[in-house]
Amino acid sequence: MREHYRSTPLDEAELPAEPMEQFVHWFKDAAAGRLHEPNAMVVSTATPDGRPSSRTVLLKHFDDRGFVFYTNYASRKGRELDANPHLSLLFPWHPLTRQVVVTGTAARVGRDETAAYFRTRPHGSQLGAWASPQSSVLASREELLRRYEELAGRYPAGAQVPVPPEWGGYRVTPETVEFWQGHENRLHDRLRYVRVPGSPAAGAWSGWPREPGPGRRGDAQYVRLPEAVLRPGPRTPGRCPGERGNPRARVPPRRKPAGRTGEPAGR
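Definitions and cut-offs
- Sequence positions are assigned chain by chain, starting from 1 and proceeding in written order.
- Note on the predicted model: pLDDT of at least 70 is required for a residue's local features to be given, and 80 or more for side-chain atom pairs to be given and counted; whole-chain, interface and lining totals, by contrast, use all residues.
- Side-chain numbers come from the whole structure's heavy atoms, not from hydrogens or water.
- In this scheme, strands are said to pair when DSSP sees at least two bridges between them.
- Working definition: helices are DSSP H or I runs of at least four residues, strands are E runs of at least two. Numbering for both runs from the N terminus.
- Using a 1.4 Å probe on the protein chains alone, a residue whose accessible area is under 20% of its type maximum counts as buried, one over 50% counts as exposed, and one in between counts as partly exposed.
- Working note: the arc is built from the helix axis to C-beta atom directions.
- Values of pLDDT, which run from 0 to 100, indicate the predictor's confidence residue by residue.
- The contact criterion used is simple: two residues touch if any of their non-hydrogen atoms lie within 4.5 Å.
- Between rings of Phe, Tyr and Trp, where Trp is taken as its six-membered ring, a pair exists when centres lie within 6.5 Å; planes separated by under 30 degrees are stacked, by over 60 edge-to-face, and by other angles tilted.
- Here Asp and Glu are counted as negative and Lys and Arg as positive; His is not counted, and neither are the chain ends.
- Any carboxyl oxygen of Asp or Glu that lies within 4 Å of a side-chain nitrogen of Lys or Arg is treated as forming a salt bridge with it.
- Each polar contact in these results corresponds to two N or O atoms within 3.5 Å; when the atoms are within protein, one needs to be able to donate a hydrogen and the other to accept it, and residues that are neighboring in sequence are counted only if both atoms are side-chain atoms.
- Buried Ala, Val, Leu, Ile, Met, Phe, Trp, Tyr and Cys residues that are joined via side-chain atoms within 4.5 Å together make up what is termed a nonpolar core.

1. Focus: the pairing of strand β6 (residues 98–108)
Working step 1: One ladder, built from eight bridges, connects strand β5 (residues 86–93) with β6; its direction is antiparallel. When the sheet's bridge partners are listed, Phe 91 is paired in β6 with Val 100.
Working step 2: Bridge count between β6 and strand β7 (residues 167–181): eleven bridges; the pairing is antiparallel. Residue Thr 105 lies in a different strand from β7, and its bridge partner there is Thr 173.

As structure tokens, this is what we get:
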């Protein structure tokens, strides 16, 4: 299955200097387009030894400081973030042929901020935060429902439900924010903002320039190899021409154009 995209090209000359401003524009488009839960994002975390896991979580707030979501700190994602704060966020706005990918680090928000948000949740969701031990094994669904009913009896509608001690928010401080726009013939646009390390201005960003070279537009790349590389030559057993450790065949390293990455797998 393959969809043929038709959309307006993404011109970096029209992008704002700050990625969060561009995110606001696209988020409003997603909301106006009546996408189902445009604030749904795929949160990918990993253990310290690099074993990844992903799940869909709802974005609850974003501003110049980053992106905020809430969860049970004892859940798998909570445990992994406490051990390894690096993560990625993916906003898959397929009907708009757009996606936004954020990489950065997560840190717990303050308890006052968590409590303020918890008070805005529906009463049933507040009870659910207590009843559901995320990422834990239950004997049956009946056990979960029994916990909920016990809490509903203890905190009836209108009663103030306390914030669970192991429940709260994470703020993702972005290091990169990448905007992807699909186009016909797989000639997609992909522009990425990268935070300037050690910049004197807090939160300063630098957009990667988009510089299409000869025979190249968007994500499509056409590389002309030197004739010497195309001709077969002597090989060392077990090594390909140009592979590290084979002195008889040298292939010039292929430089990765600034501001562009390859097409995502499956697209």
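2. Regarding helix α3 (residues 111–118)
Working step 1: Of the positions making up α3, those classed as buried are Thr 114, Tyr 117 and Phe 118. The buried residues of α3 occupy one face: seen down the axis, they fall within an arc of 100°.

3. Topic: the confidence of the model for the protein
When pLDDT is low, close inspection of the predicted coordinates is not appropriate.
Working step 1: Mean pLDDT over the protein: 76, with 67% of residues reaching 70 or higher.
Working step 2: Within the protein, helix α6 (residues 227–230) has the poorest average pLDDT of any element, 32, and strand β1 (residues 40–46) the best, 98.
Working step 3: Here residues 207–267 is a poorly scored stretch, pLDDT under 50, and it has 78 contacts once near neighbours within four places are set aside; other chains count.

4. Some thoughts on the pairing of β1
One face of the sheet, then the other: side chains in a regular strand alternate in exactly this way.
Working step 1: Taken across its seven residues, β1 has five buried, putting it largely inside the fold.
Working step 2: Relative to strand β2 (residues 52–58), β1 runs antiparallel, the two sharing seven bridges. Across the sheet, the residue bridging to Val 43 is Arg 55, located in β2.
Working step 3: Taking the residues between adjacent antiparallel strands as the criterion, β1 and β2 are bridged by five residues, where Gly 50 takes a positive phi near 90°.
Working step 4: Examined bridge by bridge, β1 and β5 share three bridges and lie antiparallel to one another. From the neighbouring strand, Ser 44 faces β5, where its bridge partner is Ser 88.

5. Overview of the environment of His 188
Working step 1: Here His 188 is to be found in the loop between β7 and β8 (189–195).
Working step 2: Residues His 188 and Arg 98, 90 residues apart in the sequence, show an inter-C-alpha distance of 10.0 Å.

6. Some details on the packing of aromatic side chains
We describe a pair of aromatic rings using the distance from one ring centre to the other and the angle between the two ring planes.
Working step 1: Tallying each qualifying case throughout the model produces 18 aromatic pairs.
Working step 2: Plain terms: the ring middles of Tyr 70 and Tyr 117 are 4.2 Å apart, the flat faces sit at 15° to each other, and that makes the pair stacked. Of this pair, Tyr 70 sits in strand β4 (residues 66–72) while Tyr 117 sits in helix α3, and the two are 47 residues apart along the sequence.
Working step 3: Judged by its relative accessible area of 13%, Tyr 70 falls in the buried class.
Working step 4: The class for Tyr 117 is buried, based on a relative accessible area of 16%.

7. Some words on helix α2 (residues 76–83)
Working step 1: When we look at burial in α2, the residues that qualify are Lys 77, Gly 78, Glu 80 and Leu 81. For α2, the angular spread of the buried residues around the axis is 165°, confining them to a single face.

8. Looking at the side chain of Arg 55
Working step 1: Looking at where Arg 55 falls in the secondary structure, it is placed in strand β2.
Working step 2: Salt bridges are absent for the buried Arg 55, whose nearest opposite-charge side chain, Glu 80, sits at 4.2 Å.
Working step 3: Side chain to side chain, Arg 55 and Thr 45 meet in a polar contact 3.1 Å long.
Working step 4: With residues near it in sequence (within four places) discarded, Arg 55 still touches Met 41, Val 42, Val 43, Ser 44, Thr 45, Arg 76, Lys 77 and Glu 80.

9. Examining unusual backbone geometry
Working step 1: Phi angles above zero are rare outside glycine, and Arg 34 is one such case at about 55°.
Working step 2: Of note, Arg 34 is situated in the loop between α1 (19–32) and β1.

10. A few points about the nonpolar core
Working step 1: Grouped together as the largest cluster of nonpolar side chains are 29 residues, with contacts concentrated most on Phe 23, Phe 67, Phe 69, Leu 89, Phe 91, Trp 93 and Val 100.
Working step 2: Elements represented by at least two residues in this core include exactly α1, β1, β4, β5, β6, β7 and β8.
Working step 3: Tallying contributions element by element places α1 first for this core, with five residues.
Working step 4: Beyond its immediate sequence surroundings of up to four residues, Phe 69 is in contact with Met 41, Val 43, Val 57, Leu 58, Lys 77, Leu 81, Leu 87, Gly 168, Gly 169, Tyr 170 and Val 172.

11. Brief notes about the pattern of salt bridges
Working step 1: Enumeration according to the criterion identifies nine salt bridges in this entry.
Working step 2: A salt bridge links Asp 49 to Arg 51, with the shortest nitrogen-to-oxygen separation between them at 3.6 Å.
Working step 3: Asp 49 sits in the exposed class, given a relative accessible area of 59%.
Working step 4: In this structure, Glu 113 engages Arg 171 in a salt bridge whose closest nitrogen and oxygen atoms are separated by 2.6 Å. Placement of the pair is Glu 113 in helix α3 and Arg 171 in strand β7, with a sequence separation of 58 residues.
Working step 5: Beyond isolated ion pairs, a larger network of salt bridges with shared partners links Glu 178, Arg 190 and Arg 192.

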